[in-house]
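A closer look at the structure
Spelled out from the first residue to the last, the chains are:
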2 protein chains.
Amino acid sequence: MAKKVYVGVDLGGTSMMAVVTTSKGKILGEKKRKTRAEEGASAVLERIVRTVRDAVDDAGTKMKNVRAVGIGSPGPLNPKTGVILHTPNLGPTWNNLPIVDYLQEALGCPVYLDNDVNVGAVGEHALGAGRGCKNLVAIFVGTGIGGGLILNGKLYQGVRYTAAEIGHAVIQVDGPLCGCGKRGCAEALASRTAIERRIQEGIAAGRQSLIPEIMQQEGRVDMSSSVLAAALERDDELTQEVMADAARYLGVLVGNVVNMLDPEVIVIGGGIVERLGERYLGPVRETAEQYYLNQEDKDKVRVVASELKDYAGVLGAAILAKQMYKSAKKK
Amino acid sequence: MAKKVYVGVDLGGTSMMAVVTTSKGKILGEKKRKTRAEEGASAVLERIVRTVRDAVDDAGTKMKNVRAVGIGSPGPLNPKTGVILHTPNLGPTWNNLPIVDYLQEALGCPVYLDNDVNVGAVGEHALGAGRGCKNLVAIFVGTGIGGGLILNGKLYQGVRYTAAEIGHAVIQVDGPLCGCGKRGCAEALASRTAIERRIQEGIAAGRQSLIPEIMQQEGRVDMSSSVLAAALERDDELTQEVMADAARYLGVLVGNVVNMLDPEVIVIGGGIVERLGERYLGPVRETAEQYYLNQEDKDKVRVVASELKDYAGVLGAAILAKQMYKSAKKK
């Protein structure tokens, strides 16, 4: 009898990835594709099905050996009903999309859905920076700030599956406007979007900066993590200042989370930390430690970079598939 | 055979209380005493023993029918070792006090310890405003702000038993100085201490206020909740302003907690809400709702006053005793 496997899918605004894994999370095969969200939901759904089938081929196995598929998607979504409610990243055709029903029908096996940051937290907990720990908080810093909570060894979703909105914790009442309409959210102070806005404001106010030149050289229209890294490499003062502030705000957020949830590990993921590493994470950790109520937490709480990086979500989705499959079987 | 009972003890800076309950939390007897912390730890420990024995008498039963005693105490403390690490409220003789060992020896039954706000959350969850709910966050607003978390139906303590330090969540980076040495903690913005400080600052800056007169009339040296209530009753503008700000800050904190933990119920306890009720809680709720990321939470999250009031801690301690006794028996 052929070995049973699990599939994890990471659906993003630009690209999608599928991996086939053993029950322990060892990757047997994978496939990456562009999402092409502009083609609409049904085209994207077909591409997901093809990507899963290609990954299964790549693993040298067959769909009938797939026990379950897990999928991490931008939200908001409902893991229980398997419906994506709406995702600004993927456009209007994704409103109230019963993605789980569709994929179960097309793939002929159980499919489980959760949001991209939750599966990322599951991945880091099972196979990455939080292996073996009881409580882990994952914070993914990109254009937004997303969070995932592992509490008492399990993904914590809340009663309406809307927990872990760490990016929308207000840490500066009446601070800068956030994309969500509120003011002073961590996301409005420490995300890449916030960094970009502050650098643009600085330049508009007449500050010198190498950023426009670097963006032109790299052919970029947005201030990507690699643009920021290049500016820091060349000691661009404005970028240094703005990044130091952003790291400090993220450190305050980490301090709050530690004081609230008393975890062993805080995993920081996303493009900025992947690109800048300790240069960014060091100041985040330093600020966080100043905010710990229990100073012994300095030695006990690990604030570390994601280990799985781009694979956190897709591996977490495969682990989720296994966990959900096993828990459904028990019932 | 006589009915088996549990005892809960609430140890406070000014007074202590013990109740004897059935396994369902029905009160069979109780006793209250002054703490007299100035007499030192061993005198207070003896008073606790007497208070427990008196409550047992009051319940018409005997110590041999007591299955376990739960005690809620100011912290920091270690519930696992049963040691109070230090409590500013009770003075220097309470450093590293093995209260559980002492009481087990003196009372001849298992004794369980947790901090006063955690047992308060257990009480509200089992018998108060959060009956039957899965996730509850309790916020007690007094001279400080303490929190307790019930997640997935159980008290959430964290890995080092230091979770739920809600009062030290920073909501205003670089804001006013907190007793903990950091700036901008919720406690520095929304506790009774913060309210008192701001009213004093207002008066010192030449603002008119009825507060000094009311304090004199009531023979008070501190700005108690009843002083604040009397000032509001008489439309004291400074008090109105400061209370509105404090309620708003607490509302921001509630919003953060809802976005982070997605609970069904937020229970607000402590002197201010007990005294002012909806007059205070209404504005807290209104602000919190503005900060919910998921606007449907407005209809789904209850932000309510403590139902058990002074009895939240002592009943929670009795429930804790039952839970710990039963879980120890299982092992």
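Just so you know, these numbers come straight off a predicted model, no measurement behind them.

Reading the values: the criteria
Residues numbered from 1 in each chain as written. Chains lettered and ligands numbered in written order. Predicted model: local features only at pLDDT ≥ 70, side-chain atom pairs only at ≥ 80, totals over all residues. Axes fitted to C-alpha atoms, helices over the stretch in contact; angles between N-to-C directions. Helix = DSSP H or I, 4+ residues; strand = E, 2+ residues; numbered from the N terminus. Left-handed = near helix turned anticlockwise from the far one by under 90°. Contact = placed C-beta atoms within 7 Å. Nonpolar A, V, L, I, M, F, W, Y, C, P; charged D, E, K, R; others polar. Least-squares fit on C-alpha atoms with pLDDT ≥ 70 in both. Domains from an automatic or database assignment. Pairing = 2+ DSSP bridges.

1. Comments concerning the packing of helix α5 (residues 192-204) of chain B against helix α8 (residues 237-261) of chain B
Pairs of packed helices are described in terms of their axes, by the angle between the two and the distance that separates them. All names here are of chain B. Interhelical geometry of α5 versus α8 gives an angle of 145° and a closest axis separation of 10 Å. In terms of crossing hand, the pair formed by α5 and α8 is right-handed. Here A194, I195, R198, I199 and G202 of α5 lie close against α8, whose contacting residues are L238, T239, V242, M243 and A246. Its residues assigned to classes, the contact of α5 with α8 comprises seven nonpolar, two polar and one charged.

2. As for the relation of the copies chain B and chain A
Two copies of a chain can be linked by a rotation about an axis combined with a shift along that same axis. Screw-axis analysis of chain B against chain A gives a translation of 0.0 Å along the axis, an RMSD of 0.0 Å, and a rotation angle of 180°. Taken together, these values place the two copies in the relation of a two-fold axis. Mapped onto chain A, 100% of the interface residues of chain B are again interface residues, and the two copies thus contact each other with one and the same surface.

3. Looking at the domain arrangement of chain A
Residues and elements named next belong to chain A. Parsing chain A into structural domains produces domain 1 (5-115 + 311-330) and domain 2 (129-305). Each of domain 1 and domain 2 was reduced to a C-alpha centroid, and the two centroids are 27 Å apart. If you look at the interface, domain 1 gives five residues, while domain 2 gives four residues.

4. Section: the sheet that holds strand β11 (residues 265-269) of chain A
Residue and element names in this part refer to chain A. Read from one edge of the open sheet, five strands run β10-β9-β8-β11-β12, paired in mixed fashion. Looking at the sheet topology across the chains shown, the edges are occupied by β10 (154-155) and β12 (302-305). By the bridge criterion, five bridges tie strand β8 (residues 136-141) to β11 in an arrangement that is parallel. The residue bridging V137 from the neighbouring strand is I266, located in β11.

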